[in-house]
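Below, each chain spelled out in residue letters.
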Amino acid sequence: MSIGEYFNLLWTDYTLRTITLGTAVLGAICGMLGSFAVLRKQSLLGDAISHAALPGIAIAFLITGAKDSNILMLGALVSGLIGTFWIRGMITKTHLKTDTALGLILSLFFGFGMMLLTYIQKQPNANQAGLDKYLFGQAATLVESDVKVMIIVTGICLFVLLLFWKEFKILLFDADYTKTLGFNTRFIDILITFFIVLAIVLGLQTVGVVLMSALLLAPAAAARQWTNSLGLMVILAAIFGAFSGVLGTAISASQNNLSTGPVIVLVASVFVFVSFIFSPGRGLLFREIRFRKNRKDLQLKKTLQFMYGIVKTHDNISHPHAIRILNNFHGFTRGSLRKLEEKHWITLEGQQWALTNEGFKEAEDLYNQQSNNE
Amino acid sequence: MEEPKLAISVDDLTVAYNYKPVLWDIDLAVPEGVLMAIVGPNGAGKSTLIKAILGIIKPIAGSVAIYDKPYEKQRKLVAYVPQKGSVDWDFPTTAVDVVMMGTYGSLGWIKRPGQKEKKAALEALEKVGMLSFKNRQISQLSGGQQQRVFLARALVQNASIYFMDEPFQGVDATTEIAIINILKELRKAGKTVVVVHHDLQTVPEYFDWVTFLNVKKIATGPVKDIFNDDNLTKTYGINYKVAVNK
């Protein structure tokens with residue numbers, strides 16, 4: 001099946017529609033909350049949380065013996081929250097740095113989870129097959145009830161986000177100051193972290209524990225490039241996330257044997273790549289263009305100022321001078337003379353140049369500007 | 001003569017991060033309407049003192065009263081200007097938006113700022129000479145401009161007591177003058193201002209009250225009475241012949 005066929009089938013095939021809706025909603029909620037994680041410089045926390053969720057999935061299966069995704073998710077949520085709690089405790093109670101605490105919890109929980117998974121796989125229970133899907137994710141396993149849960153959680157998350165928008169924003173920018181205003185920063189902090197954990201757990205079935213953090217961070221990192229407003233950043237990140245989810249799932253579903261997680265992450269990375277290069281404000285490309293243009297402008301203005309210095313000594317502004325006398329000036333080239341003529345700042349005739357009234361005025365302004373700055 | 005009211009009184013305040021105390025047994029009484037500098041060497045606990053008074057750091061012992069009532073009940077009377085370097089200025093927001101945050105405290109939970117808050121924010125920006133930068137992304141402001149935005153955010157709170165953590169750090173002369181003029185205006189309006197300050201030369205010129213701090217409180221009182229060689233030497237540990245005798 002090609003991708004074109006996949007999207008054609010979308011209109012008729014119920015299963016595909018469910019899966020696509022699910023990944024779109026998942027991408028959106030991850031993008032929204034990922035913005036907060038990125039701005040709080042907690043990018044790596046997402047990675048630690050998703051890995052920390054694995055033992056929860058395994059234990060939930062061991063206890064219930066069933067592969068009900070809601071119960072597994074509950075297990076993941078509990079173990080993810082325990083992981084987060086431990087990380088926080090390690091940072092505040094010991095001298096360990098944040099990255100060390102994250103690394104320790106990540107590998108500890110993931111190792112424990114992997115051990116449980118291999119143990120489960122050796123069990124004589126036909127039911128265990130497919131639990132390893134949680135490593136790299138498989139969107140095809142999404143069913144209607146999963147998507148319903150996703151939509152409900154996203155709805156609640158959106159509601160809380162709008163309700164506490166002001167509080168979230170100020171905490172992200174300046175936590176100490178927020179405290180002095182009388183807000184319970186601990187509550188706001190826990191609320192944000194809880195929803196980040198929830199979004200991660202929600203995505204484990206589709207994207208998998210190993211790569212989940214990328215879906216959280218990539219859309220947000222891409223969105224940051226396009227806007228200087230927090231609101232717009234969150235909206236853009238949700239849109240980028242939704243597209244990454246849908247496109248990634250389409251590609252992985254239309255090819256055989258492609259895990260969903262890696263493909264979604266690759267699509268999201270394309271968004272990041274394009275944003276880092278092509279965004280008008282912060283992108284590398286436009287920055288380079290602006291930089292070069294500025295240099296050229298400055299060179300031109302320096303030349304004009306040099307000419308102004310010569311012209312000033314004469315009564316007649318438009319008195320022609322030999323081009324030869326510019327040779328001592330470093331910024332001068334034949335090209336810059338032509339540019340100056342195009343701007344109608346000078347006129348060229350044979351081997352001579354003359355300042356126009358316009359050019360004289362421009363140079364005078366430049367001169368004044370500079371003496372004002374000093 | 002009637003005694004002036006006490007704006008801030010700190011009692012037995014002690015703070016420790018690990019084992020060593022950062023602040024030891026600080027008693028402080030700041031009368032209303034003074035412009036007070038807190039001076040002391042690096043690591044003397046100047047910022048910590050402000051943070052402990054404001055409840056950002058939990059002290060091991062001691063209490064803080066604002067106009068004779070516990071600080072928690074008097075938050076609305078107090079405004080804070082943190083160190084400029086304490087936040088990430090690449091945060092996606094504009095100057096007027098940051099200033100508007102000063103109104104969040106009086107708005108309380110959930111309620112959003114409206115026209116009234118926006119107007120107050122613009123007025124504060126005008127006071128610090130930053131009105132023309134109101135829609136500028138904050139990362140594109142110079143260090144001095146960022147400091148003035150922070151000051152405007154505190155002004156919007158319309159408080160009685162202002163705490164400022166090194167507002168003159170890394171700003172140019174224009175901003176320094178702009179800030180000190182605002183501080184003097186605040187004093188004229190009967191407000192109390194407490195400033196963590198590094199430049200000893202300017203203490204007598206800018207302030208009328210001073211606290212010497214080096215883990216313990218060395219001295220506190222009017223600049224003209226206590227800003228002398230003796231206290232400077234006690235605080236900094238070396239004989240400090242500076243602006244005092246100028």
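These numbers come from a predicted model, not from an experiment.

### Concerning the overall build of chain A
So, point 1. Each helix and strand counted, chain A has 17 helices and 3 strands in total.
So, point 2. In terms of C-alpha radius of gyration, chain A reaches 30 Å, well past the compact-globule figure of 21 Å for 374 residues.
So, point 3. With 374 residues in all, chain A has 48% of them scored as buried.
So, point 4. Contacts in chain A between residues far apart in sequence, at least 24 positions, make up 69% of those at least 6 positions apart.
So, point 5. Side-chain charges in chain A split into 31 positive and 23 negative, and the spacing between the mean points of these groups amounts to 5 Å.

### Considering the sheet that holds strand β4 (residues 61–66) of chain B
Residues and elements named next belong to chain B.
So, point 1. With antiparallel pairing, 4 strands are arranged side by side in an open sheet as β2-β1-β4-β5. Because the sheet does not close on itself, it has two edges, and the strands there are β2 (21–31) and β5 (69–70).
So, point 2. Pairing analysis gives 2 bridges linking β4 to β5, with the strands arranged antiparallel. Residue pairing across strands places Ala 65 opposite Pro 70, the latter belonging to β5.

### Considerations on the domain arrangement of chain A
So, point 1. Partitioning chain A into structural domains gives domain 1 (3–282) and domain 2 (286–373).
So, point 2. Each of domain 1 of chain A and domain 2 of chain A has a C-alpha centre, and the two are 58 Å apart.

### Considerations on the confidence of the model for chain A
In low-pLDDT segments, the atomic positions of the prediction should not be examined closely.
So, point 1. Residues at a pLDDT of 70 or more form 95% of chain A, whose mean pLDDT is 88.
So, point 2. For chain A, helix α17 (residues 357–373) of chain A is the element with the lowest average pLDDT, namely 71, and helix α9 (residues 165–173) of chain A is the one with the highest, namely 96.

### Regarding the UniProt feature "transmembrane region" (unreviewed entry) in chain A
So, point 1. UniProt tags residues 21–39, 45–64, 71–89, 101–120, 147–165, 190–218, 230–251 and 263–285 of chain A as "transmembrane region" (unreviewed entry).
So, point 2. Between the end C-alpha atoms of residues 71–89 of chain A there is a gap of 27 Å, over a span that is 100% helix and 0% strand.

### Side note on the layout of surface pockets
All names here are of chain A.
So, point 1. Its boundaries defined by the atoms lining it, the largest pocket holds a volume of some 1,500 Å³.
So, point 2. Elements with a minimum of two residues in the lining of the largest pocket: α3 (43–52), α5 (69–93), α6 (98–121), α9, α10 (175–180) and α11 (185–207).
So, point 3. When residues in the lining of the largest pocket are grouped by element, the largest group, 9 residues, is from α5.
So, point 4. Taken together, the residues of the lining of the largest pocket sort by class into 16 nonpolar, 9 polar and 11 charged.

### Notes on the environment of B:Val194
Residue and element names in this part refer to chain B.
So, point 1. When you line up the elements, Val 194 lands in strand β8 (residues 192–196).
So, point 2. Owing to a relative accessible area of 2%, Val 194 belongs among the buried residues under this scheme.
So, point 3. Residues in contact with Val 194, not counting those within four places in the same chain, are Ile 8, Met 36, Ile 38, Tyr 162, Phe 163 and Met 164.

### Side note on the interface of chain A and chain B
So, point 1. Taken together, the contact pairs 30 residues of chain A with 34 residues of chain B.
So, point 2. Of all residues in chain A, A:Lys166, A:Phe173 and A:Tyr177 give up the largest surface area on contact with chain B, accounting jointly for 28% of the area buried on that side.
So, point 3. Taken together, the links from chain A to chain B amount to 5 salt bridges.
So, point 4. In this assembly, chain A and chain B are joined by 14 residue pairs in polar contact (both at pLDDT 80 or more).
So, point 5. When residues of the side of chain A that touches chain B are traced back to their parent elements, those giving at least two are α8 (144–163), α9, α10, α11 and α13 (230–254) of chain A.
So, point 6. Among the elements that make up the side of chain A that touches chain B, the one with the highest residue count is α9(A) (7 residues).
So, point 7. Classifying every residue of the side of chain A that touches chain B gives 15 nonpolar, 6 polar and 9 charged.

### What to know about the sheet that holds strand β9 (residues 209–214) of chain B
Residue and element names in this part refer to chain B.
So, point 1. On the basis of which strands lie adjacent, the open sheet formed by 6 strands has the order β6-β7-β8-β3-β9-β10 and mixed pairing. The sheet is open, and its two borders are formed by β6 (78–81) and β10 (216–222), each paired with just one other strand. Along the sheet, successive strands turn relative to each other by an average axial angle of 15°, direction set aside.
So, point 2. Bridge count between β6 and strand β7 (residues 161–165): 4 bridges; the pairing is parallel. From the neighbouring strand, Ala 79 faces β7, where its bridge partner is Tyr 162.
So, point 3. Contacting β3 (35–39), β9 and β10, helix α9 (residues 229–236) runs over the sheet at an angle of about 30° to β9.

### Considerations on the pairing of β3(B)
Residue and element names in this part refer to chain B.
So, point 1. Counting buried residues in β3 gives 5 out of 5 residues, a clear majority hidden from the surface.
So, point 2. Of the two faces of β3, the one lined by Leu 35, Ala 37 and Val 39 and the one lined by Met 36 and Ile 38 are each fully buried.
So, point 3. The pairing of β3 with β8 spans 4 bridges and is classified as parallel. Looking across to β8, one finds that Met 36 is bridged to Val 194.
So, point 4. Sheet analysis places β3 next to β9, joined by 4 bridges and oriented parallel. Along β9, the bridge assignment pairs Met 36 with Trp 209.

### A look at helix α14 (residues 260–278) of chain A
Residues spaced three or four apart along an α-helix face the same direction, because each turn holds 3.6 residues.
So, point 1. Here α14(A) contains 19 residues, and its C-alpha end-to-end distance of 27 Å stays within 8% of the 27 Å for a straight helix at 1.5 Å per residue.
So, point 2. Listing the buried residues of α14(A) in full gives A:Thr260, A:Gly261, A:Val263, A:Ile264, A:Val265, A:Val267, A:Ala268, A:Val272 and A:Ser275.

Cut-offs used in this document
- Residues numbered from 1 in each chain as written.
- Chains lettered and ligands numbered in written order.
- Predicted model: local features only at pLDDT ≥ 70, side-chain atom pairs only at ≥ 80, totals over all residues.
- Heavy atoms only, no water.
- Helix = DSSP H or I, 4+ residues; strand = E, 2+ residues; numbered from the N terminus.
- Rg over C-alpha atoms; globule rule 2.2 N^0.38 Å.
- Buried < 20%, exposed > 50% of the residue type's maximum accessible area, 1.4 Å probe, protein only.
- Contact = heavy atoms within 4.5 Å.
- Lys, Arg positive; Asp, Glu negative; His and termini not counted.
- Charge placed at Lys NZ, Arg CZ, Asp CG, Glu CD.
- Pairing = 2+ DSSP bridges.
- Domains from an automatic or database assignment.
- pLDDT = per-residue confidence, 0-100.
- UniProt positions renumbered as here; feature names shortened; annotations may be inferred.
- 1 Å grid on protein atoms, 1.4 Å probe; cavity = no way out; pocket = protein on both sides within 12 Å on 5 of 7 lines; lining within 4 Å.
- Points joined across faces, edges and corners; volume = space filled by probe spheres on them.
- Nonpolar A, V, L, I, M, F, W, Y, C, P; charged D, E, K, R; others polar.
- Buried area = accessible area lost by both parts, 1.4 Å probe.
- Salt bridge = Lys/Arg side-chain N within 4 Å of Asp/Glu carboxyl O.
- Polar contact = N/O pair within 3.5 Å; in protein donor to acceptor, adjacent residues only side chain to side chain.
- Axes fitted to C-alpha atoms, helices over the stretch in contact; angles between N-to-C directions.
- Expected span 1.5 Å × (residues − 1).

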